[in-house]
Amino acid sequence: MLKQSFVSHNTNALCFSISNPKFNPLSPPKKPNRLASCALNVGLQDVTEVIHNKVLIAAGFSGAIGQLLKPFTSVVFYKKKLDFRTALQAGGFPSTHSSSVVAAATAIAFERGFDDSIFGLTVVYAALIMYDAQGVRREVGKHARVLNKLTSNARKGEEISLKGKEGETLESDEISEEVYLPLKESIGHTEVEVIAGALFGFLVSFGVYSFM
């Protein structure tokens, strides 16, 4: 009786596989999607590990604190008006790009040692970032300043040349349909700002490893 049921079961499976060629009882089950399995494996423990990552904490704190200090340092060092919008802009004192990369490199040195290859990679990366901040980006800010001055002078000359017959200046929207948007001049950093940012990043990273 048992043998007959087993034979009949195999016969039914064989008939179903013939009628449905996509069905193969001997084929292995499909593997789950890697992206879905990775998303399922990410849990609360992984999130807490990211939060306790000292490299990210040091880089994030140094960058955030440096940006929040810019409105006050612009008043103290550059005699400008207090403008809290500078906390969301590039340039200024200190260089938050430099502070973030130096803080990350210092944190990796504390964790892995100064002879580790990843620490060497971060040092090279930090050096390139700091060189670019006081080199290329600084020159871009100088070019923007010159272009803004030329654009302003050209617009003033256009207003003078398009005066009305009675000596009244025409409205700005009547002069030209093109809107002259000023370019961002505060992009790069001076050498002092870059060095100050690097020292600030080192101190923040040292403080993170001292208190955590």
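Figured I'd write up the structure that's included with this text. (Residues numbered from 1 in each chain as written. Predicted model: local features only at pLDDT ≥ 70, side-chain atom pairs only at ≥ 80, totals over all residues. Heavy atoms only, no water.)

On to unusual backbone geometry. Here phenylalanine 93 and proline 94 are connected by a cis peptide whose omega angle stands at -5°. One can find proline 94 in the loop between α4 (54–78) and α5 (96–112). One non-glycine residue, lysine 79, adopts positive backbone phi at about 55°. Note on placement: lysine 79 falls in the loop between α4 and α5. (Helix = DSSP H or I, 4+ residues; strand = E, 2+ residues; numbered from the N terminus.)

What follows is about the packing of aromatic side chains. Evaluation of the coordinates by the stated rule reveals six aromatic pairs. Relative to phenylalanine 206, the ring of phenylalanine 110 has its centre 6.4 Å away and its plane inclined at 65°; by these criteria the two rings are edge-to-face. You can see phenylalanine 110 sitting in helix α5 and its partner phenylalanine 206 sitting in helix α9 (residues 191–211), a full 96 residues away along the chain. By relative accessible area, which is 46% here, phenylalanine 206 ends up partly exposed. Ring pairing ties together the aromatic residues Phe110, Phe202, Phe206 and Tyr209, which thus form one cluster. (Phe/Tyr/Trp six-rings, centres within 6.5 Å; stacked < 30°, edge-to-face > 60°. Buried < 20%, exposed > 50% of the residue type's maximum accessible area, 1.4 Å probe, protein only.)

Across the interface, α4 lies against α5 with an axial gap of 8 Å and an inter-helix angle of 155°. One element, α4, and the other, α5, form an angle in the roughly antiparallel class. At the point where α4 passes α5, the crossing takes the right-handed sense. Counting all contacts with α4, which are made through Lys54, Val55, Ala58, Ala59, Ser62, Gly63, Gly66, Gln67 and Lys70, the residues of α5 involved are Thr96, Ser99, Ser100, Ala103, Ala104, Ala107, Ile108 and Glu111. Class assignment for the residues of the contact of α4 with α5 results in seven nonpolar, seven polar and three charged. (Axes fitted to C-alpha atoms, helices over the stretch in contact; angles between N-to-C directions. Parallel < 35°, antiparallel > 145°, perpendicular 65-115°, else oblique. Left-handed = near helix turned anticlockwise from the far one by under 90°. Contact = heavy atoms within 4.5 Å. Nonpolar A, V, L, I, M, F, W, Y, C, P; charged D, E, K, R; others polar.)

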